[in-house]
Each structure stands twice: as structure tokens, then as C-alpha cells.
Amino acid sequence: MPDVPSADTSAAAGSERVALSALTSNGRLMEDTTVRKRFGTAARTLLLLLPSMSGAQSPASFSVAAFGPSTLEIDTRHTQGNRFEFTVTNNSANLDYITIQRSQVRSNGAEVLGVPSPEYGVSIPGGGTANIWFRWDFTGRIQPGTYQATVPFKSELTGQTVASTITYVVKAAPNETRATISGNILSAGGDALTGARLTLTDTGAGLDEPGAGPPQQPVSGNFSFSVVPGEYALTVDADGYQSSTKYFLARAGEPVELNYALDSVRARVDAANVSVRVANVASSIWTMRASADASVAATAPMGSPATSAFHGIRNGEAAWTSPFPGIRPEKAGTVSQFQAADCDATPSADGSSVAAMDYNGKVYWIDAATGETRWSSDRGADRNPKYPPNSPLGAGFFTCGAVALNSSGTLLAAGGSNGWLVMFETASGAVRWSQGYSAEIRALRFTPDGERLAVGAGDWKFRMLDANSGSALWAADNQFWPLFFVAMDPEATLVGSGSKESEFRLWDAATGELRWKKAYPAGAFVSGGSISAEGRVLVSDWGLGIRLYDADGSDIWTRKITNAAMAATADNNYIFTAGYAAGGTRGPVFYLLDRFGTILWEHRPDTARNCQVQAPFPRDFFKSVAIARSGDRPNVTIRASAACVGGSVFTMEIPVVEQ
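These numbers come from a predicted model, not from an experiment.

### Let's talk about the overall build of the protein chain
- A tally of regular secondary structure across the protein chain gives three helices and 50 strands.
- Put simply, the protein chain has 659 residues, and 60% of those count as buried.
- Taking the contacts inside the protein chain whose residues are at least 6 apart along the sequence as the reference set, 56% of them involve residues at least 24 apart.
- Element-wise, carbon and sulfur atoms account for 47% of the exposed surface of the protein chain, whose accessible area totals about 24300 Å².

### Overview of the sheet that holds strand β42 (residues 545-549)
- Read across the open sheet, the four strands follow the order β40-β41-β42-β43; overall the sheet is antiparallel. For this open sheet the edge positions go to β40 (526-531) and β43 (555-560), each flanked by a neighbour on one side alone. Across this sheet, the average inter-strand angle for adjacent strands is 15°, counted without regard to direction.
- As defined by bridge partners, β42 adjoins β43 across five bridges and the pair is classed as antiparallel. Considered in β43, the bridge of Arg547 is made with Thr558.

### Observations concerning unusual backbone geometry
- The omega torsion across Arg633 and Pro634 is 10°, close enough to zero to call that bond cis.
- Its place among the elements puts Pro634 in the loop between β48 (622-630) and β49 (635-644).
- Although it is not a glycine, Asn563 adopts a positive phi angle of roughly 55°.
- Residue placement: Asn563 occurs in strand β44 (residues 562-568).

### Focus on the state of the cysteines
- On inspection of all chains with the given rule, the structure shows one disulfide.
- In this model, Cys611 is linked to Cys644 through a disulfide, with the two sulfur atoms separated by 2.1 Å. Taking the torsion about the S-S bond as the criterion, the Cys611 to Cys644 disulfide, at about -110°, is left-handed. Taken together, the positions of Cys611 in the loop between β47 (599-603) and β48 and Cys644 in strand β49 put the pair 33 residues apart, joining distant regions of the chain. The same class applies to Cys611 as to Cys644, namely buried.
- Not part of a disulfide, Cys343 finds its nearest cysteine sulfur in Cys400, a span of 4.9 Å.
- Judged by relative accessible area, Cys400 falls into the buried class, the value being 0%.

### Brief notes about the packing of aromatic side chains
- Per the counting criterion, the structure on display carries 24 aromatic pairs.
- Aromatic side chains Phe462 and Trp507 sit 4.5 Å apart centroid to centroid with 5° between the ring planes, which places their arrangement in the stacked category. Taken together, the residues span a long stretch of sequence, with Phe462 in strand β34 (residues 461-466) and Trp507 in strand β38 (residues 503-508) at a distance of 45 residues. Taken individually, Phe462 and Trp507 each receive the classification buried, so the pair is uniform in this respect.

### Remarks on the pattern of salt bridges
- A full pass over the atoms with the stated rule returns 16 salt bridges.
- The partner of Asp606 in a salt bridge is Arg609, and the shortest N-O contact between them spans 2.6 Å.
- In the salt-bridge network here, residues are joined through shared partners; they are Asp571, Arg629 and Glu658.

### A few points about the sheet that holds strand β37 (residues 494-499)
- Strand order in this open sheet of four strands is β36-β37-β38-β39, and the pairing throughout is antiparallel. The two strands at the open ends of the sheet, each matched to only one other strand, are β36 (483-488) and β39 (514-519). Going across the sheet, the axis of each strand differs from the next one's by a mean of 15°, ignoring polarity.
- Direction of pairing for β38 relative to β39: antiparallel, over a ladder of five bridges. Residue pairing across strands places Glu503 opposite Ala519, the latter belonging to β39.

What counts, and where the lines are drawn
- Residues numbered from 1 in each chain as written.
- Predicted model: local features only at pLDDT ≥ 70, side-chain atom pairs only at ≥ 80, totals over all residues.
- Heavy atoms only, no water.
- Helix = DSSP H or I, 4+ residues; strand = E, 2+ residues; numbered from the N terminus.
- Buried < 20%, exposed > 50% of the residue type's maximum accessible area, 1.4 Å probe, protein only.
- Contact = heavy atoms within 4.5 Å.
- Areas by Shrake-Rupley, 256 points an atom, 1.4 Å probe, with all protein chains shown as cover.
- Pairing = 2+ DSSP bridges.
- Axes fitted to C-alpha atoms, helices over the stretch in contact; angles between N-to-C directions.
- Disulfide = S-S within 2.5 Å.
- Phe/Tyr/Trp six-rings, centres within 6.5 Å; stacked < 30°, edge-to-face > 60°.
- Salt bridge = Lys/Arg side-chain N within 4 Å of Asp/Glu carboxyl O.

As C-alpha cells, then:
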């Protein structure tokens, strides 16, 4: 085993460790059943082979005890959000990282623990004690009864395991008295609207199938249906009218009246003149980012031990390929301690250059016209002081983390999976400053003026740095598993972040004061965000879809889109999203929305002939999108791009007439 990080290494240093440790005792690959559950039975996780942990071992150097109630009681409806807690004691003298082996927790032949909390693993110094907890997410229907599950814990220092047996009691969901929801749907002029469409979202429990089921669609301007008690959002759509969402709390036996008056739409898409281009590349796509006008895009693949490449897309067509080698053998055995070496790439704002980082943590500065590498650096001689001197994890960037460019394209920030952060001058590749954190860097973003850099790292901190010196302006507590993105308003007065632990946080960008935060149902990975000049915040997640909040965090509207990836114009007037259609319909769909959440245009991409590169996620899953606006009222053009994991970039020109 390699040396472990120093004592201040966060639990989040292994932010993907659980998903990557689905191995048998002899190092063979196992199916990641969480990926199968969420994305379909054909999905498989491509894991890097680790050295075998089998063989004789001394007694385990840590112990596990249940914490809190010894029995967990749930019902057949509420299968998420419950949790078991454990107390773990490190009985050795050395720092250890101890994890719950999620994919090996099974009961009655089915996976039990499917959604981790941020605390699925923790670094514990010698002689220390820490608590670990896990949310519950049952993969199938549960019959009432009493069950037991064995939860294995693993030492990353020695490879030893300790098992803890837990008991859970499943009870039938109570027959709750339902609440009747009724109301009218009118135009702003008072006329009844026929043919309106209702979408109900369970915003409290976040269930895929709300307690009511889909409400019956109204045919004559009024509606009535019933729901079990809970928190909901009801969205009304009607052709030619702006969408409207109302939030309500349903109490048992109490009626709720919701009346809608819909204004006419203020923009429409010239559907006959929409163009869609597809650029197929020979690599999977983990990230796709675009220039300011979205004419140039760059893609970076998901982690793999095989040779792969970055790809450039210009005006919807594949322009160049920049190959790089697979992960080096000396890194393959330890990469599971970090994100799965998934790569990152981003074009400069003017589209002239691309910054990228490969599996092995090598940074590239690429000519966006030709794909030629101008310079590259792995900073292999650098030593992150957070790690022991002889630890291979402390060298250079170790494996890929994140890259970012300032608006002028003169500075390139690069962070590695081991927390090493370097600021390069792009003209020469010279290093302006460097510093180390104790866990992976997964999100970086410059302020629009290029003077500050927001950093999301796995040491449970979100920071704002002086971009010229690297000095910290402030640091705030933050959850991490790991960060997906950083959002800012055009003046960088507000900054927000979202990540896989199902929470979005918004800070004052000058002081680091937390303005507000939103916690979403278990497993609702927060995938995107955008902040307007007025402080309104758009947030997307993979569970419920897209929401718009006012500056104070109050709800404005909700649009239910499963597995949503989202991008918005700077004013948040137009939102582009790729996801799966609501109601459980399999297959992706693109939507263009206005600032009211109205669907202006939708398109189902052809993934049968595209998106064919094998990848850990389903090939027709869209993780990355981009958007840009051009033209003046009334004739506006929206350019949008969406990249499927399976290696295709769809570029759309969408003409919009503003009324």
C-alpha cells in the first residue's frame, strides 16, 4: 500500500472511493449496482484494477460500534433519507482512512445502502475516534418484515476489514388521509384555458413517484386531484402561455385551492429554422465546455487505463484530436483514493486556446485551431507539503482534478486529485504561484475581472483566493463529494457551489458569509447553477430537475427534468437543459426554457446512431451543456451545445422571436 496522507487529510480525499472500491477480495471488477440502479441495467462502471488485498493479515487495527438506535424503522413508501450511524476507533498509532464498502452491503440478495452521505469514510489519527453515517436507498420494493445487513468497513492503510451487523424493520406505509387539491386555470384576461398540462413535483421527500401519482390533466380550465400529506410544487403549462408554478403544503384531510392566471408568452422559437449538428468523437466525455459565444468547445474523457484524447469542436464539427496516454501503472493502484481520474478541459473565452488536464495530472495548453500543444507540464517535481515526503500521492498533481482560465486567457489555474494547486502564465507556462491542500480539487472559477479565484477542495472548505498571489481572502465550511461547479453573478458579488452531497450553498463573494443553502433529497446530485445580476439563482440536480430562487432563497418555479444538466445565459433569460423527460420516459430530451420556466422548444436527440462510445455512465447520459445568446430583440439566436457521455456533441442554432 502507498503511504497515506498526513493527519489533516479530510474524509473527502476519497470522494469517489466508495464507488471505485466495488472489487472482490482478489481485485476483480464488480458491477457498481448504484450506477445500474440509477442509469439502467446495462450500465457498468469501468474501474481501475487495484492490487489484491487478499492474504494473511494481522488482527484489524480499528473497531466499529453502532451509534444511536440499534434498529432502524422505515416504511415501504419512505425508502430514502433514513440513516444508520457508526462509531469507528483507530486502535493503531498511524493515520488511517476507513470507509464503508458500499457496494458490498447487501440484504436478502439485494443492495441496501445505495446513497452515501458526505461521511461514508473518514481520516482518523492513531488512537482517535470518529463517526460515520450512511443514508438508506433501497434498490427495490421492500416487503414489511425484520431484516439484517452486514456492513463491511475497510482500512485503507492495511486493507483489513471489520463487519458490523445492523437490523432494520420495514413497516407498511400508513394509510394516510389524503388532501384534495383543486383550482382553475385562466388566461390573464380571465378566460378558461383548455388543454393545460399539470406537473406535480414532490419537493419534500423527492420521490420519483409522488404520493398522488400524476394528476389527471384538466380539459376545461379546472382541476381536482388528491395527494398524501407532504410538500409539493404544481406547474401548469398551456400552449402560448407562460408557465406558472405554485408551492403548497398538503395536510391530511385539508383542501388546497390553487388558481392560475397565465400571461402570454414573450418569446417563441422559429422551429422550422432550428439547426442541429452532431460531432462524434472517439472518446467518452466527462466534461465539455465552450467559449463565450459557444462556437468553440473542448471535451475531456472519463477515467480509463487506456489511451484517450481531448477533442476540439468548432461550429458544431469535430476540428481536432489531442491524444494522451492511459494512467501510469504506479498511479493505477492508488487512484481509487480520489475521483476516477476523470479529465477536464475548457476553451478560453475568445476560443483561441484550450486548457486541459489528463489522467496523470499533466496540464496542456492547446491551440484551439489546430489541436497542437503549445506547452505542457505535470509539475512532477513539486511536492505537496500536506503529504509525507516519501508518499507518491504528494508528487505533482498526481491525477486529474480541474482547470480554469481567466477571462483574458492569460492565467491558467490547475488543481490535482491530491489537492496541489498551481497558477500558470499561459504565454510561457511559467508558474506564478503554487500551494497544496489535503484533498482533491474538483472545481475552479475565476471572477469575471480575473482578480480572484474560487476553489472547491476536498478538505471540506470553499475558498476565495487572490489570483495573483494565491493568498486566501476567505475560507468557508462546505460539504464535498465532490464539487461539480462554481456559479457567480456577472459582478461576482455572489458565489455558489453544488456537488454530489445534494446541497447547494450561496455565499457573499467578498466576505464568505453564507447567504443561504438548500438541501435536496438523497441522491439528487447538484449538477449546475447560474446567478443573474439581480441575484436570482438557478440550480439543477439529477433528482428533481431545475429550480429558480429569488435572491433571498425563496422559491419561484420548478421544472421537473430527471438527470438535468443546465446552462443559462448571463441574464438567466434563457436556460438550456439536457435530461430525461419527466414521468419516467426513458431517453434524453433537450429543452430551451425562458426565465419563467416555460418550455419554448424541445428536441429528442438521436442517440441510437450517436453516443456510441462505451463509458461508465449510460452512453446517452448528458452531463455537460453550454449556451450563448446573440442578436437583438426581436430576433435573437441561441447557440446551445450538449455532450453525451458516449462521445457526441450536439450543437444547436435556435432562432427566437421576442414579442
